[in-house]
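# Fold and contact review
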Amino acid sequence: MRKENLVKNISNLFCTRHVEIVKGLIKWLRPETVLEIGCFRGFVSANILLALEELDNDGKLYIIDNFSLQGAHLAVVHNNLVSCGLGSNVFILPIDSKQAQPQLPPIDFAFIDGDHSLESVAHDFKMATELGAKCIVLHDSVSWWGVRDFVDAFSTENSGWNKIEANFDEGLTIFMAKEQKPPVTYTKEAYGKGEV
C-alpha cells in the first residue's frame, strides 16, 4: 500500500476517477507493453506502472513527452517515479510523438493525452494502431475541441473499433479493437430430458 500512497502525492491535472478506469482496463486486458503520450509530472504514468506491477508479467511502459507544457519536466517525472519505487520497466522518450515511432516496440495498450490538436490526436492514434494497440484511450475528449472532433469523426468513419465514452469531468474515450470471432452456428436439435 505504500507505493499507492506515494503516487497519490504526485501533483497532477488528471481526474482520479479517470485514472481508476485506466488502471482497471490494464488489469482486465493484461497488456505487456503500454504507451503513454503526454505525462505532465507522471501521475498517470505511476498509476499505469502500479497496474502493470499487479499483473506480474514484467510489463513495460513507454512514455513520450516533449515536456513543452509549463510545469512538466523530464527530471520531475523521473524523480516522481523513482521516489514511488516505480523506476524500473519504464522508458521515457523526451521527444515529440511525431518523431517517436521508429524508437518504439510493438504495444498492446495506448493512453493518449499529449498535444490536443486534431492533427496530433489523429497522428498519435494512427501510430498506436500501427504499433499494434488493441485498446487506445483518449483523455480530454469533452474538454478539448481537437480530441472531441477526432472522436466524433472517427466513430462514423471506421467500424474496426468499439467506442466507450466517459463524458464526466474532462472526458475519456476508450477505443477497443473489434475481435474477429468465428460465426456462431446454432443447432436445431432438442436436448434430451435432463441434459441441460
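The following paragraphs examine the structure supplied in this document.

Conventions we followed
Residues numbered from 1 in each chain as written. Predicted model: local features only at pLDDT ≥ 70, side-chain atom pairs only at ≥ 80, totals over all residues. Heavy atoms only, no water. 1 Å grid on protein atoms, 1.4 Å probe; cavity = no way out; pocket = protein on both sides within 12 Å on 5 of 7 lines; lining within 4 Å. Points joined across faces, edges and corners; volume = space filled by probe spheres on them. Helix = DSSP H or I, 4+ residues; strand = E, 2+ residues; numbered from the N terminus. Salt bridge = Lys/Arg side-chain N within 4 Å of Asp/Glu carboxyl O. Nonpolar A, V, L, I, M, F, W, Y, C, P; charged D, E, K, R; others polar. Pairing = 2+ DSSP bridges. Axes fitted to C-alpha atoms, helices over the stretch in contact; angles between N-to-C directions. Contact = heavy atoms within 4.5 Å. Disulfide = S-S within 2.5 Å. Buried < 20%, exposed > 50% of the residue type's maximum accessible area, 1.4 Å probe, protein only. Core = buried A, V, L, I, M, F, W, Y, C linked by side-chain atoms within 4.5 Å.

### Let's talk about the layout of surface pockets
- Roughly 190 Å³ of internal volume is contained in the second largest pocket.
- Lining the second largest pocket are Trp-28, Leu-29, Pro-31, Asp-108, Phe-109, Lys-134, Cys-135, Met-176, Ala-177, Lys-178 and Glu-179.
- Secondary-structure elements contributing two or more residues to the lining of the second largest pocket are α2 (16-29) and β7 (172-177).

### Considerations on the pattern of salt bridges
- Across all of its chains, the model carries nine salt bridges by this definition.
- Across the pair Arg-17 and Asp-169 runs a salt bridge whose closest N-O atoms are separated by 2.9 Å. Placement of the pair is Arg-17 in helix α2 and Asp-169 in the loop between β6 (161-166) and β7, with a sequence separation of 152 residues.
- If you follow the salt bridges from partner to partner, you end up with Arg-148, Asp-152, Lys-163 and Glu-165 in one network.

### Some remarks on empty space enclosed by the protein
- For the coordinates displayed, the defined rule picks out one cavity of 30 Å³ or more.
- Looking at the largest cavity, its volume works out to about 30 Å³.
- Looking at the largest cavity, the residues that line it are Ile-112, Asp-113, Gly-114, Asp-115, His-116, Val-121, Leu-138, His-139 and Val-147.
- A breakdown of the residues in the lining of the largest cavity according to their chemical character gives four nonpolar, three polar and two charged.

### Examining the sheet that holds strand β1 (residues 33-37)
- Pairing within the open sheet is mixed, and its seven strands lie in the order β3-β2-β1-β4-β5-β7-β6. Only two strands of the sheet have a single neighbouring strand rather than two, namely β3 (90-93) and β6. The mean angle between the axes of side-by-side strands here comes to 15°, regardless of whether they run parallel or antiparallel.
- For β6 and β7, the ladder comprises six bridges, and the chain directions are antiparallel. Bridged to Lys-163 within β7 is Phe-175.
- Across the sheet, α2 touches β4 (109-112), β5 (135-139), β6 and β7, and the angle it forms with β7 is around 15°.
- Along the sheet, helix α3 (residues 43-55) contacts β1, β2 (60-64), β3 and β4; its crossing angle with β2, the most-contacted strand, is approximately 165°.

### A look at unusual backbone geometry
- A positive phi angle, near 55°, is found at Arg-30, a position not held by glycine.
- Positionally, Arg-30 belongs in the loop between α2 and β1.

### A look at the state of the cysteines
- This model, assessed by the stated rule, comprises zero disulfides.
- Just so you know, Cys-39 is unpaired, no disulfide at all, and the nearest cysteine sulfur is the one on Cys-84, 13 Å from it.
- Looking at Cys-84, the relative accessible area reads 2%, which means it is buried.

### A word on the nonpolar core
- In terms of nonpolar packing, the biggest core is built from 35 residues, with Ile-48, Phe-109 and Val-137 touching the most fellow members.
- Contributing elements (two or more residues each) for this core: α2, α3, β2, α4 (74-83), β3, β4, β5 and β7.
- Ranked by residue count, the leading element in this core is α3, at nine residues.
- Dropping the residues within four chain positions of it, Phe-109 is found in contact with Val-22, Leu-25, Ile-26, Leu-29, Pro-31, Thr-33, Val-34, Leu-35, Ala-133, Cys-135 and Val-137.
- Counting residues in each nonpolar core, the second largest holds 25 residues, with Leu-35, Ile-64, Ile-95 and Val-151 among its members.

### What about the pairing of β1?
- For β1, the buried fraction is high: five of the five residues fall into the buried class.
- The side-chain alternation of β1 yields two buried faces, one formed by Thr-33, Leu-35 and Ile-37 and the other by Val-34 and Glu-36.
- Bridging between β1 and β2 involves five bridges; their strand directions are parallel. Directly across from Thr-33, in β2, lies its bridge partner Lys-60.
- Summarising the sheet, β1 and β4 pair through four bridges and their orientation is parallel. By the bridge assignment for β4, Glu-36 is matched with Phe-111.

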